[in-house]
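# A closer look at the structure
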Amino acid sequence: MRLFTCACHAQSFFASAAHSPDAAGSNPVPSSGGPVAPAVLADLAAASRILAQQGVFDAFGHISLRHPTDPKRFLMARSLAPALVTADDIMEFDLDCVACESRGRSGFFERFIHGEIYKARPDVNSIVHSHSPSVVPFSLVQSPMRAMYHNAAFLAQGVPVFDIREKFGQTDMLVGNHTKGAELARVLADKPVALMRAHGSVAVGPSLQHAVFRAVYTEVNAKLQLQASMLGGPIAALEPEEGALADAVNLNVVQRPWELWKQRLEG
Ligand code: MN
């Protein structure tokens with residue numbers, strides 16, 4: 001028998017079904033999208049720890065998953081260091097980033113990155129936001145990030161850079177509201193990765209495993225591109241058509257690195 005548990009507390013689910021006001025009497029508490037299998041919550045928590053172990057996350061960074069049965073909800077850990085996330089830390093939000101039930105927990109300040117990309121991209125089911133260090137320099141310079149090898153083929157579609165100054169002027173650099181999240185989603189457009197100037201990046205995918213794969217290989221690609229540039233001369237990066245062909249292969253093999261990285265969590 002398969003057991004299910006609800007990401008939102010049952011009482012909240014019942015009470016919020018009629019969109020009753022929250023304790024503050026202001027924002028309506030959204031209803032839950034429904035129960036989520038424990039294995040799904042465990043995998044989302046494992047993804048957070050994998051990205052920490054792979055050097056994509058440090059004390060900061062977050063990964064989310066669109067609700068498996070309700071596209072207008074997503075799942076994401078409460079605000080804490082990614083290496084510490086367990087299934088019990090997973091919260092459920094609507095696409096306006098309001099928690100279905102907070103139980104005293106706080107969501108990440110930059111959760112609007114996730115909510116707004118899910119609104120704009122029905123093809124996306126998982127999102128990683130990180131400050132992975134090798135990627136940051138490419139958000140600062142004129143030379144674009146390009147796909148250095150087949151594992152990073154998804155970058156051959158082009159890697160846009162979100163410069164928060166362009167629309168919002170002088171800020172704290174954080175994507176802490178709907179407007180900034182929507183602008184980031186606009187810049188990302190239909191691409192798998194966008195850089196964020198002097199901040200970090202987002203990587204998106206059709207599944208949790210794809211988003212993790214892309215976040216890891218964006219970091220690896222950044223190191224390779226720096227090395228290639230140090231050798232001098234033009235860089236013979238993947239062309240867009242080569243990228244499309246290679247990415248089609250990658251999309252079918254993401255389970256292999258996922259199983260490896262997950263097993264390493266236990267070692
Ligand atoms: Mn950030």
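For the structure, check the block above.
These numbers were taken from a predicted model, which means no experiment stands behind them.

Calculation rules
Along each chain, residues carry numbers from 1 onward, in the same order as the chain's sequence is written. Only residues with pLDDT of at least 70 are given local features in this predicted model, and only at 80 or more are side-chain atom pairs given and counted; all residues enter the totals for whole chains, interfaces and linings. As a rule, the C-alpha atoms of each element are fitted with a line to give its axis, helices using only the stretch in contact, and angles between N-to-C directions run from 0 to 180 degrees. The helix and strand labels rest on DSSP assignments: H or I over at least four residues marks a helix, E over at least two residues marks a strand, and numbering proceeds from the N terminus. Orientation labels follow simple angle bins: below 35 degrees gives roughly parallel, above 145 gives roughly antiparallel, 65 to 115 gives roughly perpendicular, and whatever is left gives oblique. We call two residues in contact whenever the C-beta atoms placed from their backbones are within 7 Å. Under the scheme applied here, ten amino acids are nonpolar (Ala, Val, Leu, Ile, Met, Phe, Trp, Tyr, Cys and Pro), four are charged (Asp, Glu, Lys and Arg), and all others, including Gly, are polar. Around each residue's C-beta, the other C-beta atoms within 10 Å are counted; 20 or more make the residue buried, 12 or fewer make it exposed, and counts in between make it partly exposed. All C-beta atoms are placed from the backbone.

## Section: the packing of helix H2 (residues 38–53) against helix H8 (residues 255–266)
Packing of H2 against H8 brings their axes to within 10 Å, and their N-to-C directions diverge by 85 degrees. Classified by the interaxial angle, the pair formed by H2 and H8 is roughly perpendicular. Mapping the contact onto sequence places Ala46, Arg49, Ile50 and Gln53 in H2 and Trp261, Lys262, Arg264 and Leu265 in H8. Grouping the amino acids of the contact of H2 with H8 by side-chain chemistry returns four nonpolar, one polar and three charged.

## Section: the packing of H2 against helix H6 (residues 208–231)
Two packed helices can be described by the angle between their axes and the distance between those axes. At a closest axis distance of 11 Å, the pairing of H2 and H6 adopts a crossing angle of 5 degrees. Regarding the angle of H2 to H6, the classification is roughly parallel. Residues Asp43, Leu44, Ala47, Ile50 and Leu51 of H2 pack against Leu208, Val212 and Ala215 of H6. Of the residues that constitute the contact of H2 with H6, the class distribution is seven nonpolar, no polar and one charged.

## Re the environment of Arg66
With respect to the secondary-structure elements, Arg66 resides in strand S3 (residues 62–66). Residue Arg66 is classed as buried on the basis of its C-beta count, with 25 C-beta atoms lying within 10 Å. Along the backbone, Arg66 and His114 are 48 residues apart, and their C-alpha atoms lie at a distance of 9.2 Å. Once residues lying within four places of it in the same chain are set aside, the contact partners of Arg66 are Pro71, Phe74, Tyr118, Asn125 and Ser126.

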